[in-house]
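One-letter residues, chain by chain:
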Amino acid sequence: MKRIVILISGRGSNMEAIVRAQIPGAQVQAVISNRPDAKGLEIARSFGIAAVALDHKAYAGRDEFDAALAAEIDRFSPDLLVLAGYMRILSDGFVRHYAGRMLNIHPSLLPCFTGLHTHRRAIEAGVKVAGTTVHFVIPELDAGPIVIQAVVPVLPGDDEDSLAARVLKQEHRIYPQAVRWFVEDRLVIENGRVTVRDAQAGSEGWSVPPVED
Ligand code: GRF
């Protein structure tokens, strides 16, 4: 059984998608938020999952907080740490500690549009497709070996909210998929690239939904 801990900061819809996927061989042990008012904590509790708030404002700095966070996470001995809308920059020591066993989801087709306000910036740039990326976490922000990406069209008349909603729907599909592959020990990282062992043709790590979606 692979043990999973999920970090959130807010709504928690990706966390919920992973929990609802009921991935065979995996168990979500805990959901931890740096914001005590995160809605996702309530959702986790409703599934009977340990939900922990660790307020970063109560700590002197990033290193102090990350050390406390790692101690809390490690109480659950996770095989995999999942960042799902966790809105804090991680210290290098924290990233090293979970190297090769920490995934993140970012709402853009990396390496484009790292950082915040990805949907607004995609619309402003006039790109015709947008999307989302699940990747292994490295010290550099919104970078690291890419596991899976999903592409959506940017349609005429889109605003930040409509594009975000279209992308989010795909996030809820690809994040459980990436976690499933990890749990099945099928993700191989070589030279900064991920291959999915024994992937079925067409599911090697990218995904294009129908344009009407
Ligand atoms: C998602 O769009 C994710 O890509 C980004 O933050 C958002 C989190 O949403 N990192 P939720 O908390 O999972 O609903």
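We now turn to the structure provided with this report.

For the protein, the helix and strand inventory stands at six helices and ten strands. In terms of C-alpha radius of gyration, the protein reaches 17 Å, essentially the compact-globule figure of 17 Å for 213 residues. Dimensions along the principal axes, computed over C-alpha positions, put the protein at roughly 45 × 40 × 35 Å. Carbon together with sulfur atoms contributes 52% to the accessible area of the protein, which is approximately 10500 Å² in total. Between the mean site of the 23 positive side-chain charges and the mean site of the 26 negative ones, the protein shows a separation of 2 Å.

The strand order across the open sheet formed by eight strands is E3-E2-E1-E4-E5-E6-E7-E10, and the pairing between neighbours is mixed. Of all the strands in the sheet, just strand E3 (50–53) and strand E10 (206–207) have a single pairing partner and so form its edges. Bridge count between strand E7 (residues 146–153) and E10: two bridges; the pairing is parallel. Bridging across to E10, Gln-149 finds its partner in Trp-206. Packed onto the sheet, helix H1 (residues 13–20) meets strand E1 (2–8), strand E2 (26–33), strand E4 (80–83) and strand E5 (102–106) and runs at close to 160° relative to E1.

Cut-offs and rules
- Residues numbered from 1 in each chain as written.
- Predicted model: local features only at pLDDT ≥ 70, side-chain atom pairs only at ≥ 80, totals over all residues.
- Heavy atoms only, no water.
- Helix = DSSP H or I, 4+ residues; strand = E, 2+ residues; numbered from the N terminus.
- Rg over C-alpha atoms; globule rule 2.2 N^0.38 Å.
- Areas by Shrake-Rupley, 256 points an atom, 1.4 Å probe, with all protein chains shown as cover.
- Lys, Arg positive; Asp, Glu negative; His and termini not counted.
- Charge placed at Lys NZ, Arg CZ, Asp CG, Glu CD.
- Pairing = 2+ DSSP bridges.
- Contact = heavy atoms within 4.5 Å.
- Axes fitted to C-alpha atoms, helices over the stretch in contact; angles between N-to-C directions.

What is shown is where atoms sit, not what they do.
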